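# Observations on chain architecture
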Amino acid sequence: MNLTVLAELIELRAKAEAELLCAHYETYTPARFILITIATVIACLGTMGNILLLIVFSAKQISNTPATLYPSVLACLDFAICFEYILLFGVDALVSYLKIESLFKLYYVYIVPAYVMARITQLAIPYMLIFATLERLFWTSKNKSNLLKAFHSSTGRHITVIVSLAMCILLRSPSAFAIKVDDYPNCPDFFRTKTTNPREWAQESGLYHFFDFQVMTIAQTLVPFVLLVGLNLIIVRRMCSDSVQKEKQQEPAEIHFQEERLLTQITPVHKSSTSMGLSFPPLKSMSPAVRSAVFTMAAIVTSYLISNILHLSLTVLERSGHAILKSEEDPLMSSTFHTFFSDLVSFVYMFTSAIRIVIYYTCNPKIRGDLIDFFANRKNAVYL
């Protein structure tokens, strides 16, 4: 045998043995560490913001205000997403870049349950948005059937939330048994002695691949998006129709102008309490309520669409094993593109939940007033 060929075989065998000794890993450059740290700070602010929203929603139990169960549950899920981001990405950045051994061990104790909970949360959030939108559709409906009244009663809301969350847990529970933590005790690098890998049955099962990709893509991405777009379009069209009818019944232009000014002043306190909407200055030809519905649809659907399209694209690339995801120098190391893209997907999911309180404060006059009252009461309590 040629000595050159023999040397190449020995080198390939050494590389193969090295690959088996150590776990797959992702590089942490200073730039990536700084970006993940900034994102973790945003996630921390998001957890506090959603706790504040939950307190404000829970305090509003007055009969003439809109129901706050779905927004409250959504605030809990947004809090969970932000907290899970800290556990999965913030801690990983500290472990990988700062090389903290005790944190590395702790990370792989909770990594699987935290990952499963994150997938459950991602599935539940769009359905809470759908239920909140259905409730707004109910409030804008003139003819309320007994079935709709029962569905939107206090008991009906609680049953809906419990059943939907139970279904999300049931649909995502197989992932808890499809992933495991593998040990590489012979690896010379301590921080590559553990990693998560799919179990053998999950890799070999075509049924599980079909369920986890095709079925869950439809359940988590396609169905919620179609429903959110359709329901919000119905609401906007209905409110536009009501606005046109009210304008036809208005008095002459001068009186109408005075009433518009009065309406603008009292909207933050009364009118917005019957619509979970957004009210921005543009679209002046529409009433505040219609503008509210338009921007609500834009905010919810756009943020949801962006995060899910990115997630779907990454999933397709990972399932196809595309070469762009692997480093040319080391097949056990993720490519720069894969690392950046996966970080972006996770950040967008978290960011849309973290800024929910900002969207509410900027666009919803009623919630903005509640938040101002909350801080005013805290300030007075401290002063007293």
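This one's a predicted model, so the numbers in the text were calculated from it and none came from an experiment.

## Structural notes on the overall build of the protein chain
Check the secondary structure of the protein chain and you find 14 helices and two strands. If you sum the accessible surface of the protein chain, you get close to 21600 Å²; carbon and sulfur atoms cover 68% of it.

## Things to note about the nonpolar core
One finds Leu53, Met128 and Met350 to be the most contacted residues of the largest nonpolar core, which totals 60 residues. Going through the elements one at a time, helix H2 (30-59), helix H3 (69-98), helix H4 (101-139), helix H6 (154-172), helix H9 (206-248), helix H12 (336-354), helix H13 (356-363) and helix H14 (365-383) are the ones with two or more residues in this core. Beyond its immediate sequence surroundings of up to four residues, methionine 128 is in contact with Tyr70, Val73, Leu74, Leu77, Val161 and Ser164. Counting residues in hydrophobic clusters, the runner-up holds eight residues, among them Leu310, Leu317, Phe341 and Tyr349.

## As for the state of the cysteines
According to the stated counting rule, one finds one disulfide in the structure shown. Sulfur-sulfur distance for the disulfide between cysteine 22 and cysteine 187 comes to 2.1 Å. Taking the sign of the S-S torsion, about 95° here, the bridge from cysteine 22 to cysteine 187 comes out right-handed. Within this pair, whereas cysteine 22 is found in the loop between helix H1 (3-21) and H2, its partner cysteine 187 is found in the loop between strand S1 (179-183) and strand S2 (194-198), the two being separated by 165 residues in sequence.

## Let's talk about the packing of H2 against H13
A pair of packed helices is characterised by two quantities: the angle between their axes and the separation of those axes. In contact at an axis separation of 8 Å, H2 and H13 are set at 50° when each is read in the N-to-C sense. When the interaxial angle is binned, H2 and H13 end up oblique. Counted together, Gly49, Asn50, Leu52, Leu53 and Phe57 of H2 and Arg356, Ile357 and Tyr360 of H13 form the full contact between these two elements. Residues belonging to the contact of H2 with H13 are distributed by class as follows: five nonpolar, two polar and one charged.

## Some points on the UniProt feature "transmembrane region" (unreviewed entry) in the protein chain
The positions UniProt marks with the feature "transmembrane region" (unreviewed entry) are residues 33-57, 69-88, 108-134, 155-173, 213-236, 293-317 and 337-359. As a span, residues 213-236 carries 100% helix and 0% strand, and end to end its C-alpha atoms are 33 Å apart. As annotated, residues 337-359 comprises 96% helix and 0% strand, and the C-alpha atoms at either end are separated by 31 Å.

## Quick notes on H4
For H4, spanning 39 residues, the distance from its first C-alpha to its last is 55 Å, which sits close to the expected 57 Å at 1.5 Å a residue. At isoleucine 111, H4 shows its largest bend, some 45°, and a proline, proline 113, comes one to four positions later. In terms of residue burial, H4 counts as a mostly covered element, since 28 of its 39 residues are buried.

## Some words on the packing of aromatic side chains
Two descriptors summarise a pair of aromatic rings, namely the distance from one centre to the other and the angle between the planes of the rings. Overall, the coordinates contain 13 aromatic pairs when judged by the stated rule. Residues phenylalanine 33 and tyrosine 97 carry aromatic rings whose centres are separated by 4.4 Å and whose planes lie at 15° to one another, so their mutual orientation is stacked. Residue phenylalanine 33 is found in helix H2, and its partner tyrosine 97 is found in helix H3; the two are separated by 64 residues along the sequence. We classify phenylalanine 33 as buried; its relative accessible area is 15%. Between the aromatic rings of phenylalanine 104 and phenylalanine 191, the centroid separation amounts to 5.5 Å while the plane-to-plane angle is 75°, which identifies the pairing as edge-to-face.

## Here's the deal with the packing of H2 against H3
Viewed as axis vectors pointing N to C, H2 and H3 meet at an angle of 155°, and their least axial separation amounts to 8 Å. Comparing the axis directions of H2 and H3 gives the class roughly antiparallel. H3 is crossed by H2, and the crossing has left-handed handedness. Of the residues that constitute the contact of H2 with H3, the class distribution is 23 nonpolar, seven polar and one charged.

## Considering the side chain of arginine 32
Tracing the backbone shows arginine 32 in helix H2. Separated by 2.7 Å, the side chains of arginine 32 and aspartate 343 make a polar contact. Ignoring anything within four residues of it in the chain, the contact list for arginine 32 reads Glu26, Thr27, Thr339 and Asp343.

## Considerations on the environment of glycine 90
Topologically, glycine 90 is positioned in helix H3. Between the alpha carbons of glycine 90 and valine 41 there is a distance of 8.8 Å; along the sequence they are 49 residues apart. Those residues in contact with glycine 90 that sit more than four places away from it in its chain are Ile36, Thr40 and Tyr85.

Criteria and cut-off values
Residues numbered from 1 in each chain as written. Predicted model: local features only at pLDDT ≥ 70, side-chain atom pairs only at ≥ 80, totals over all residues. Heavy atoms only, no water. Helix = DSSP H or I, 4+ residues; strand = E, 2+ residues; numbered from the N terminus. Areas by Shrake-Rupley, 256 points an atom, 1.4 Å probe, with all protein chains shown as cover. Core = buried A, V, L, I, M, F, W, Y, C linked by side-chain atoms within 4.5 Å. Buried < 20%, exposed > 50% of the residue type's maximum accessible area, 1.4 Å probe, protein only. Contact = heavy atoms within 4.5 Å. Disulfide = S-S within 2.5 Å. Axes fitted to C-alpha atoms, helices over the stretch in contact; angles between N-to-C directions. Parallel < 35°, antiparallel > 145°, perpendicular 65-115°, else oblique. Nonpolar A, V, L, I, M, F, W, Y, C, P; charged D, E, K, R; others polar. UniProt positions renumbered as here; feature names shortened; annotations may be inferred. Expected span 1.5 Å × (residues − 1). Bend = angle between axes of the 7 residues up to and from the residue. Phe/Tyr/Trp six-rings, centres within 6.5 Å; stacked < 30°, edge-to-face > 60°. Left-handed = near helix turned anticlockwise from the far one by under 90°. Polar contact = N/O pair within 3.5 Å; in protein donor to acceptor, adjacent residues only side chain to side chain.

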